[in-house]
Amino acid sequence: ELVPSDTEEVNAVLAKVRDEDQSMKIQVKEYSKLLKTFKLLNKETKNADASRVLAEANEILVNIKSIFEWQDGVLIDAMRDGGILLIDEISLANDSVLERLNSVFETERTLVLAEKASSSVIKIVAQEAFGVVSTMNPSGDFGKKELS
């Protein structure tokens, strides 16, 4: 049970969260207005640098509006850096994960990141030195399955 001082603290925190949420909405609205103005200027000037900045600004706006932020993991890092990726107990992976990895195992060695909050799809192509090592126990063990 909350005592009055705890209730006051909770209410203060909730008020702060509401204020920050409102502030974020205002910032997004102002940023969107600024972006629209910049787009109009860009149409008039046709400047390559302005187009690049506009693309970056659009991506920032998409990121501001998104709930989650994409973070590259060990797979992406290994592909970009030409490292070795170890996948332990690959036979325990969900079918959806294995399906997602198929394009990495094919000769093109690519991964398309449609999940990244961006206005464009990003295609990662593995460096020449990139490799995958995976381990698994025999499929007869409990919970294991055969891999194709």
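The model shown is predicted, which means the values in this text are computed figures rather than measured ones.

Reading the values: the criteria
- Residues numbered from 1 in each chain as written.
- Predicted model: local features only at pLDDT ≥ 70, side-chain atom pairs only at ≥ 80, totals over all residues.
- Heavy atoms only, no water.
- Core = buried A, V, L, I, M, F, W, Y, C linked by side-chain atoms within 4.5 Å.
- Buried < 20%, exposed > 50% of the residue type's maximum accessible area, 1.4 Å probe, protein only.
- Helix = DSSP H or I, 4+ residues; strand = E, 2+ residues; numbered from the N terminus.
- Contact = heavy atoms within 4.5 Å.
- Salt bridge = Lys/Arg side-chain N within 4 Å of Asp/Glu carboxyl O.
- Polar contact = N/O pair within 3.5 Å; in protein donor to acceptor, adjacent residues only side chain to side chain.
- Arc of directions from axis to C-beta.

Focus: the nonpolar core
1) Next: If you look at the biggest cluster of nonpolar residues, it comprises 16 residues, and the most contacted ones within it are L75, M79, L85, V104, L111, I124 and F130.
2) Next: Those elements giving two or more residues to this core turn out to be α3 (74-81), β1 (84-87), α4 (95-105) and β2 (110-113).
3) Next: Element by element, the count of residues in this core is highest for α3, at four residues.
4) Next: Not counting the four nearest positions on each side in its chain, L85 is found in contact with V74, L75, A78, F130, G131, V132 and V133.

A closer look at unusual backbone geometry
1) Next: Unusually for a residue other than glycine, E89 sits at a positive phi of about 55 degrees.
2) Next: Position of E89 among the secondary structure elements: in the loop between β1 and α4.
3) Next: Even without being a glycine, R109 presents a positive backbone phi close to 50 degrees.
4) Next: Residue position: R109 is located in the loop between α4 and β2.

Thoughts on the side chain of T110
1) Next: Tracing the sequence through the fold places T110 in strand β2.
2) Next: The residues contacting T110, other than those within four sequence positions of it, are M79, S103, V104, K123, I124 and V125.

Quick notes on the pattern of salt bridges
1) Next: Under the defined criterion, the tally for this structure stands at one salt bridge.
2) Next: A salt bridge links D72 to R80; its shortest N-O distance comes to 2.6 Å.
3) Next: Given a relative accessible area of 37%, R80 falls into the partly exposed group.

Quick look at the environment of N137
1) Next: Position of N137 among the secondary structure elements: in the segment after β4 (131-134).
2) Next: Given a relative accessible area of 31%, N137 falls into the partly exposed group.
3) Next: Separated by 48 residues in the primary sequence, N137 and E89 place their C-alpha atoms 6.9 Å from one another.
4) Next: In terms of polar contacts, N137 uses its side chain to reach the side chain of E89, at 2.7 Å.

Thoughts on α4
1) Next: Along α4, the positions that sit buried rather than exposed are L98, L101 and V104. The arc enclosing the buried residues of α4, seen along the axis, measures out at 90 degrees, which places them on a common side. Residues of α4 that are exposed and angled more than 90 degrees away from the buried face: D95, S96 and E99.
2) Next: Taken together, the buried residues of α4 touch α3, β1 and β2.

Comments concerning the environment of A78
1) Next: Relative to the elements of secondary structure, A78 occurs in helix α3.
2) Next: Taking the C-alpha atoms as reference, A78 lies 8.1 Å from G131; in sequence the two are 53 residues apart.
3) Next: Not counting residues up to four positions away in its chain, the partners in contact with A78 are G83, L85 and F130.

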